[in-house]
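# Fold and geometry: a report
The chain contents come next:
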Amino acid sequence: MSWLRHGFEINTDKTKLDRDSILRMLRATYWASEVPVDDLWESILNSRAYGMYSPDGEQAGFARLVTDMTRFAWFSDVYVLPVHRGHGLGKWLVETVVSDPAIAKVRRIMLSTKDGHALYERMGFSLIEGEEAAKMMMLMR
């Protein structure tokens, strides 16, 4: 599936992904810096991946969903290269992912962020509070 805006493209075709560019960018993040490169790439291949490409075809951004395509999705690894920031591309990437017809049945999309709350709140995400938060559990290995 493909979306176009101002010469930029978001595409779910994994064969178009620039492995080196994505891994380099993700390894520089607080959330993926410690993940072995092969594991990081395997996680991308086993997810619904959204590559963002500049008008010249450069990998300009990326996002992915870990999902069963019907009930649940975990939104992860969202980034736009610094050179392309400040033009609304991050907002467009998030909008595109959450409105993708392929995940229209998904009722719950979750994510974790240290610093992106304002962006995600504008897209309809909210902090988990009260009883919902108390139900959340995690197993770390």
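Bear in mind the structure is a predicted one, so any value in this text is a computation, not a measurement.

### A look at the overall build of the chain
On a plain count of helices and strands, the chain comes out with five helices and six strands. Order of helices (α) and strands (β) in the chain, N terminus to C terminus: β-β-α-α-β-β-β-α-β-α-α. Its C-alpha atoms give the chain a radius of gyration of 15 Å, within 12% of the compact-globule value 14 Å for 141 residues. Principal-axis analysis of the C-alpha atoms gives the chain an extent of 50 × 30 × 25 Å. Among the 141 residues that make up the chain, the fraction classed as buried is 40%. Expressed as a percentage of contacts within the chain between residues at least 6 apart in sequence, the contacts between residues at least 24 apart total 56%. On the chain, roughly 8,800 Å² of surface is accessible, and the fraction owed to carbon and sulfur atoms is 53%. Counting 18 positive and 19 negative side-chain charges, the chain places the averaged centre of each group 4 Å from the other.

### Topic: the side chain of Asp 77
Within the secondary structure, Asp 77 is located in strand β5 (residues 72-80). Classification of Asp 77 by relative accessible area gives buried; the value is 5%. Of note is the side chain of Asp 77, whose polar atom sits 3.3 Å from the side chain of Ser 76.

### With respect to the pattern of salt bridges
A full pass over the atoms with the stated rule returns five salt bridges. Of the charged contacts in the structure, one is a salt bridge between Asp 38 and Arg 19, with a shortest N-O distance of 3.5 Å. With Asp 38 in helix α2 (residues 37-45) and Arg 19 in helix α1 (residues 19-27), this pair connects stretches of sequence that are 19 residues apart. Given the relative accessible area of 57%, Asp 38 is considered exposed. With a relative accessible area of 31%, Arg 19 lands in the partly exposed category.

Thresholds, definitions, all that
Residues numbered from 1 in each chain as written. Predicted model: local features only at pLDDT ≥ 70, side-chain atom pairs only at ≥ 80, totals over all residues. Heavy atoms only, no water. Helix = DSSP H or I, 4+ residues; strand = E, 2+ residues; numbered from the N terminus. Rg over C-alpha atoms; globule rule 2.2 N^0.38 Å. Buried < 20%, exposed > 50% of the residue type's maximum accessible area, 1.4 Å probe, protein only. Contact = heavy atoms within 4.5 Å. Areas by Shrake-Rupley, 256 points an atom, 1.4 Å probe, with all protein chains shown as cover. Lys, Arg positive; Asp, Glu negative; His and termini not counted. Charge placed at Lys NZ, Arg CZ, Asp CG, Glu CD. Polar contact = N/O pair within 3.5 Å; in protein donor to acceptor, adjacent residues only side chain to side chain. Salt bridge = Lys/Arg side-chain N within 4 Å of Asp/Glu carboxyl O.

These results come straight from atomic positions and should not be treated as a statement about function.
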